[in-house]
Each structure stands twice: as C-alpha cells, then as structure tokens.
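Close look at the chain arrangement
If you want the building blocks of each chain, they are given just below.
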Amino acid sequence: MPYYRCVVPEGSVAYEQRAAVAKAFTDIHCGNTGAPRSFVHVVFDEADDSWETPYFLDGGNRAGRSEEVRAELLDDLMGAFREITGVSSDDFSGRITEGPAKWTMEGGMVLPEPGEETEEWYSHGQAAAGG
C-alpha cells in the first residue's frame, strides 16, 4: 500500500527521471520499513501552473511506525526526489499521511499492522507481484 504521488508541472520531469524516482522511493521505503517491493506504488500527476508549490509529494502509508522512522522516510524521499530531478527545496514540499492498516488491501489481503507481518503475508506479496 505505500502510495507516493508526485505532483509536478506539466512536462517538467522526464520519463527517465520518473523511473529513477520510482526506484529510489521503492528502495527507501523498503529499506526503512521492510515492506515487499511489489507493494510500493509511485505515480506522477502533472498539474497546471496554478499550484502554489510547483512540486509536491503526497504520500500515504500504514499508521503505526515510530516518529523516527516516519521522519527519516519523508526526509529520504524528499532528498532523493530533489537529487534526481534537480528541484530546489524552495520549490518542493510534501507530506506523508497515515491510516490504519485495516483500511487497506494489497493483493487481496488486508494489510497487517507494522511489525505484525507474517511469512505468509510476505510470500503473498511476492506471489502477487509475479516474483
């Protein structure tokens, strides 16, 4: 379920950069949380120039991780996006909101609370991804 939506100005982020951001976000999320790679979703939405902040990261995750993990995750994601795209801190803002795991399904299974993942859940995540 980790879902990262990158809102960017039209035509501002090349396909190759988008692919690099998606890979970096997946690496960062999985490295910080242990989630299966197949569960990480990264999308790009192009917006017109009416947005106050030209670039915005809107993330959504399961609730229940420590404050330190959440802060590190957001900082790492924002840093990777800026490094890959060359966007300045002044033009980029973001957030990660959280919801209870039981509000989300992935691969036909309700997500467990962080720290309560089972081998079956991990195996199912790999099978759902075709891996």
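For the structure given in this document, a descriptive report is provided here. As the structure is a computational prediction, the values presented were derived from the model and not from experiment.

A tally of regular secondary structure across the protein chain gives three helices and six strands. Put simply, the protein chain runs from its N terminus to its C terminus through helices and strands in the order β-α-β-β-α-β-β-β-α. Computed over C-alpha atoms, the radius of gyration of the protein chain comes to 15 Å, within 12% of the 14 Å expected from 2.2 N^0.38 for 131 residues, which places it in the range of a compact globule. With the principal axes as the frame, the protein chain shows a C-alpha extent of 45 × 30 × 25 Å. Within the protein chain, buried positions represent 37% of all 131 residues. A separation of at least 24 residues holds for 76% of the contacts in the protein chain among residues at least 6 apart in sequence. When the accessible surface of the protein chain is summed, it comes to about 7100 Å², and 49% of that surface belongs to carbon and sulfur atoms.

Before going further, it helps to examine the packing of helix α1 (residues 15-33) against helix α2 (residues 67-85). Two numbers describe how α1 lies on α2: the axes approach to 10 Å, and their chain directions differ by 160°. Here α1 lies roughly antiparallel to α2, going by the angle between them. Note on packing geometry: the crossing formed by α1 with α2 is right-handed. Contacts between α1 and α2 involve Gln-17, Ala-20, Val-21, Ala-24, Phe-25, Ile-28, His-29 and Asn-32 from the former and Val-69, Glu-72, Leu-73, Asp-76, Leu-77, Ala-80, Phe-81, Ile-84 and Thr-85 from the latter. Looking at the contact of α1 with α2 residue by residue, the classes come out as 11 nonpolar, four polar and two charged.

For α2, with 19 residues, the first-to-last C-alpha span of 27 Å sits near the 27 Å given by 1.5 Å per residue. Where α2 is buried, its residues contact β1 (3-9), α1, β2 (41-47), β3 (55-62) and β4 (92-99).

This paragraph deals with α1. Relative to the 27 Å expected for 19 residues at 1.5 Å per residue, α1 spans 27 Å between its end C-alpha atoms, a close match to the ideal helical length. When α1 is considered as a whole, its buried residues turn out to be Arg-18, Val-21, Ala-24, Phe-25, Thr-26, Ile-28, His-29, Cys-30 and Thr-33. Where α1 ends, the next residue or the one after it, Gly-34, has phi of about 80°, a positive value.

Structurally, Pro-54 is set in the loop between β2 and β3. Note on Pro-54: relative accessible area 29%, which makes it partly exposed. Considering only alpha carbons, one finds Pro-54 and Glu-10, 44 residues apart in sequence, at a separation of 9.9 Å.

Definitions and cut-offs
- Residues numbered from 1 in each chain as written.
- Predicted model: local features only at pLDDT ≥ 70, side-chain atom pairs only at ≥ 80, totals over all residues.
- Heavy atoms only, no water.
- Helix = DSSP H or I, 4+ residues; strand = E, 2+ residues; numbered from the N terminus.
- Rg over C-alpha atoms; globule rule 2.2 N^0.38 Å.
- Buried < 20%, exposed > 50% of the residue type's maximum accessible area, 1.4 Å probe, protein only.
- Contact = heavy atoms within 4.5 Å.
- Areas by Shrake-Rupley, 256 points an atom, 1.4 Å probe, with all protein chains shown as cover.
- Axes fitted to C-alpha atoms, helices over the stretch in contact; angles between N-to-C directions.
- Parallel < 35°, antiparallel > 145°, perpendicular 65-115°, else oblique.
- Left-handed = near helix turned anticlockwise from the far one by under 90°.
- Nonpolar A, V, L, I, M, F, W, Y, C, P; charged D, E, K, R; others polar.
- Expected span 1.5 Å × (residues − 1).

Keep in mind that these numbers describe shape and distance, not what the molecule does.
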